[in-house]
There are 2 protein chains.
Amino acid sequence: MTDRKKKILAVALELFANDGFSATSTKKIAKEANVSEGLIFRHFENKKGLLNALVQQAIARISVILIPILNEKNPKEVIQKTVELPFNIDKSEYPFWKLQFKLKWENDYESNEKMQPLLDHLAWAFTTLGYPEPEKEATILNHIIESISIGILRDGVHSQESLKTFLIEKYNTPTK
Amino acid sequence: MTDRKKKILAVALELFANDGFSATSTKKIAKEANVSEGLIFRHFENKKGLLNALVQQAIARISVILIPILNEKNPKEVIQKTVELPFNIDKSEYPFWKLQFKLKWENDYESNEKMQPLLDHLAWAFTTLGYPEPEKEATILNHIIESISIGILRDGVHSQESLKTFLIEKYNTPTK
DNA sequence: TATATTAGCAAGTGATTACTCACTCTTATG
DNA sequence: CATAAGAGTGAGTAATCACTTGCTAATATA
């Protein structure tokens, strides 16, 4: 992949995440990437194709991020690492995650299958730890980290920081 | 408020919620509302003004929805009613809530102050029930119902239904 | 009833949109 | 070295965008 093509993808990611897909013109992308507008269409056929390329990148990236959790064999560690997930997002990755969460509201876009392996592994962890309703427990934890992620992306890590140890301790002292 | 003005608001709510603000043209709104395009600008000055009118409606509507919870003096009932909140959303109100959640990603839009009274009342409830960290407990529950709401709006109530009783029971058997 | 104000429409406006086209420059390969 | 294919450009294009204007119809108020 050529440098200019990579630049187009990087700029498009940033603008789509911040301003939205429809609100971002191909002209603006070209300008900010220091590239002729026509080049976008040479590489990606149309505007939607540019978005699709970003989505493909995202699918690959997310599965990489999940690897260390899915390989974890200690159930308590699985839960802890899951809780820590949103707090470990680097600021440089904010546009990436912002776009992911925004795309969830697009009608045609299948979103949550990417996180299904995590959900399954969480259910296994809760089962191993003897929770009476492991699937529901996994779903709730997934909901929590989703909403925390959203909070972090909008207001920064500090806005949610205190929840990290709170949640870790909570899941270390299970209900009777 | 005239019938046509109400119709414009209703159609705009639906289209903004489903397709997004930028992706919805004033021409389409006018067509779907059986109204001339110019009438939109007569009533709301510009497209952004139309959105602002919807936001104003939303602020009023949300505070009405929260009244029964904020007036509840039984802390356990406060928590239960909060958990039930997302499950009681009528299908006719989906566009309303969809738009709310979408707007959270708009950079200039202050979103979460509307829910602050609920957060405060939840913290009071958890304090009364003797939870060691009531504010954090309130924040977590708020996160849970937000994420559940999102799930319901995207995939319907049935996709989250089983979590309702699970959560209610969970909050009735507190940790030691 | 006279008049002023609001509601509503049809037909525009210039600006912006996604996208195309004809062309040149670069690079790899036989 | 010749040639073909891909990278890159700049000036277009028709369509659509948010918005305006000049007008009439309805409604309220005096």
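Look up: the structure comes first, before these words.
Below you will find a few notes about this structure.

The rules behind each value
- Residues numbered from 1 in each chain as written.
- Chains lettered and ligands numbered in written order.
- Predicted model: local features only at pLDDT ≥ 70, side-chain atom pairs only at ≥ 80, totals over all residues.
- Heavy atoms only, no water.
- Least-squares fit on C-alpha atoms with pLDDT ≥ 70 in both.
- Near = heavy atom within 4 Å.
- Polar contact = N/O pair within 3.5 Å; in protein donor to acceptor, adjacent residues only side chain to side chain.
- Helix = DSSP H or I, 4+ residues; strand = E, 2+ residues; numbered from the N terminus.
- Nonpolar A, V, L, I, M, F, W, Y, C, P; charged D, E, K, R; others polar.
- Contact = heavy atoms within 4.5 Å.
- Buried area = accessible area lost by both parts, 1.4 Å probe.
- Salt bridge = Lys/Arg side-chain N within 4 Å of Asp/Glu carboxyl O.
- Buried < 20%, exposed > 50% of the residue type's maximum accessible area, 1.4 Å probe, protein only.
- 1 Å grid on protein atoms, 1.4 Å probe; cavity = no way out; pocket = protein on both sides within 12 Å on 5 of 7 lines; lining within 4 Å.
- Points joined across faces, edges and corners; volume = space filled by probe spheres on them.
- Phe/Tyr/Trp six-rings, centres within 6.5 Å; stacked < 30°, edge-to-face > 60°.
- Lys NZ or Arg CZ within 6 Å of the ring centre and 35° of its normal.

### Comments concerning the relation of the copies chain B and chain A
Then comes step 1: Laying chain B over chain A is done by rotating through 180° and shifting 0.0 Å along the axis; what remains is an RMSD of 0.0 Å. The relationship between the two copies is best expressed as a two-fold rotation axis.

### Description of the protein's contact with DNA strand C
Then comes step 1: Near DNA strand C you find 16 residues, and of these Thr26 and Lys47 of chain A together with Arg4, Ser36 and Arg42 of chain B are the closest.
Then comes step 2: Here the atoms of DNA strand C within 4 Å of the protein split so that 57% fall in sugar or phosphate, with bases taking the remainder.
Then comes step 3: Thr24 of chain A is positioned such that a nitrogen or oxygen atom in its backbone is 3.4 Å from a phosphate oxygen of DNA strand C.
Then comes step 4: In this structure, a base nitrogen belonging to DNA strand C sits 3.3 Å away from a side-chain N or O atom of Glu37 of chain A.
Then comes step 5: Only helix H3 (37-44) of chain A together with helix H3 (37-44) of chain B provide two or more residues apiece to the surface near DNA strand C.
Then comes step 6: Here the surface near DNA strand C takes four residues from H3 of chain A, the largest share from any one element.
Then comes step 7: Residue composition of the surface near DNA strand C, grouped by class: three nonpolar, eight polar and five charged.

### Some thoughts on the interface of chain B and chain A
Then comes step 1: Contacts between the two partners involve 34 residues from chain B and, on the opposite side, 34 residues from chain A.
Then comes step 2: A combined buried area of about 3100 Å² lies between chain B and chain A, and 63% of that area is made up of carbon and sulfur atoms.
Then comes step 3: Summed over the shared surface of chain B and chain A, the number is two salt bridges.
Then comes step 4: Lys170 of chain B is paired through a salt bridge with Glu137 of chain A; the nearest N and O atoms lie 2.6 Å apart.
Then comes step 5: Remark: the boundary between chain B and chain A carries eight residue pairs in polar contact (both at pLDDT 80 or more).

### Digging into the protein's contact with DNA strand D
Then comes step 1: Near DNA strand D, the surroundings consist of 16 residues, among which Arg4, Ser36 and Arg42 of chain A together with Thr26 and Lys47 of chain B are the closest.
Then comes step 2: For DNA strand D, the backbone makes up 62% of the atoms found within 4 Å of the protein, where backbone means sugar plus phosphate.
Then comes step 3: Between DNA strand D and the protein, one listed contact pairs a phosphate oxygen with a side-chain N or O atom of Arg4 of chain A at 3.0 Å.
Then comes step 4: Only H3 of chain A together with H3 of chain B provide two or more residues apiece to the surface near DNA strand D.
Then comes step 5: Ranked by residue count, the leading element in the surface near DNA strand D is H3 of chain A, at four residues.
Then comes step 6: Broken down by class, the residue content of the surface near DNA strand D amounts to three nonpolar, nine polar and four charged.

### Thoughts on the environment of Ile59 of chain B
Residue and element names in this part refer to chain B.
Then comes step 1: Note that Ile59 resides in helix H4 (residues 47-70).
Then comes step 2: Owing to a relative accessible area of 35%, Ile59 belongs among the partly exposed residues under this scheme.
Then comes step 3: Residues Ile59 and Trp97 lie 38 residues apart in sequence; the distance between their C-alpha atoms is 11 Å.

### Describing the layout of surface pockets
Then comes step 1: Within this model, the largest pocket holds a volume of roughly 650 Å³.
Then comes step 2: If you trace the largest pocket, you find 30 residues lining it, with Phe21 and Glu106 of chain A together with Asp19, Gly20 and Lys102 of chain B closest to the centre.
Then comes step 3: Within the residue set of the lining of the largest pocket, elements represented by two or more residues are helix H1 (3-19), helix H4 (47-70) and helix H6 (94-103) of chain A together with helix H1 (3-19) and helix H6 (94-103) of chain B.
Then comes step 4: Sort the elements by how many residues they give to the lining of the largest pocket and H4 of chain A lands first, with four residues.

### Some details on empty space enclosed by the protein
The rolling of a water-molecule-sized probe over the atoms marks out the regions of remaining empty space.
Then comes step 1: Scanning all chains against the criterion turns up two cavities of 30 Å³ or more.
Then comes step 2: Looking at the second largest cavity, the residues that line it are Phe101, Lys104, Trp105, Glu146 and Ile150 of chain A together with Phe101, Lys104, Trp105, Glu146 and Ile150 of chain B.
Then comes step 3: Among the elements of the structure, helix H8 (134-155) of chain A together with helix H8 (134-155) of chain B are those that each provide at least two residues to the lining of the second largest cavity.
Then comes step 4: When its residues are assigned to classes, the lining of the second largest cavity shows six nonpolar, no polar and four charged.

### Some details on the packing of aromatic side chains
Then comes step 1: This model, assessed by the stated rule, comprises 10 aromatic pairs over all chains.
Then comes step 2: Both rings, one in Phe101 of chain A and one in Trp105 of chain B, keep their centres 6.0 Å apart while their planes meet at 15°; by these two values the pair is stacked. Linking Phe101 of chain A in helix H6 with Trp105 of chain B in the loop between H6 and helix H7 (116-128), this pair reaches from one chain into another.
Then comes step 3: A network of ring pairs unites the aromatic residues Phe126, Tyr131 and Tyr171 of chain A as a single cluster.
Then comes step 4: The ring of Phe96 of chain A is capped by Arg61 of chain A, whose NZ or CZ atom sits 4.5 Å from the centre of that ring.
Then comes step 5: Note that Lys47 of chain B overlies the ring of Phe21 of chain B, its terminal NZ or CZ placed 4.5 Å from the centroid.

### Some remarks on the pattern of salt bridges
Then comes step 1: Across all of its chains, the model carries 14 salt bridges over all chains by this definition.
Then comes step 2: Measuring nitrogen to oxygen at the nearest pair gives 2.8 Å for the salt bridge that ties Lys104 of chain A to Glu146 of chain A. Of this pair, Lys104 of chain A sits in the loop between H6 and helix H7 (116-128) while Glu146 of chain A sits in helix H8, and the two are 42 residues apart along the sequence.
Then comes step 3: Here Lys48 of chain B and Asp108 of chain B are joined by a salt bridge, their closest N and O atoms 3.3 Å apart. With a gap of 60 residues between them, Lys48 of chain B in helix H4 and Asp108 of chain B in the loop between H6 and H7 connect regions that are remote in the sequence.
Then comes step 4: Residue classification places Lys48 of chain B among the partly exposed residues on the basis of a relative accessible area of 38%.
Then comes step 5: A relative accessible area of 53% places Asp108 of chain B in the exposed class.

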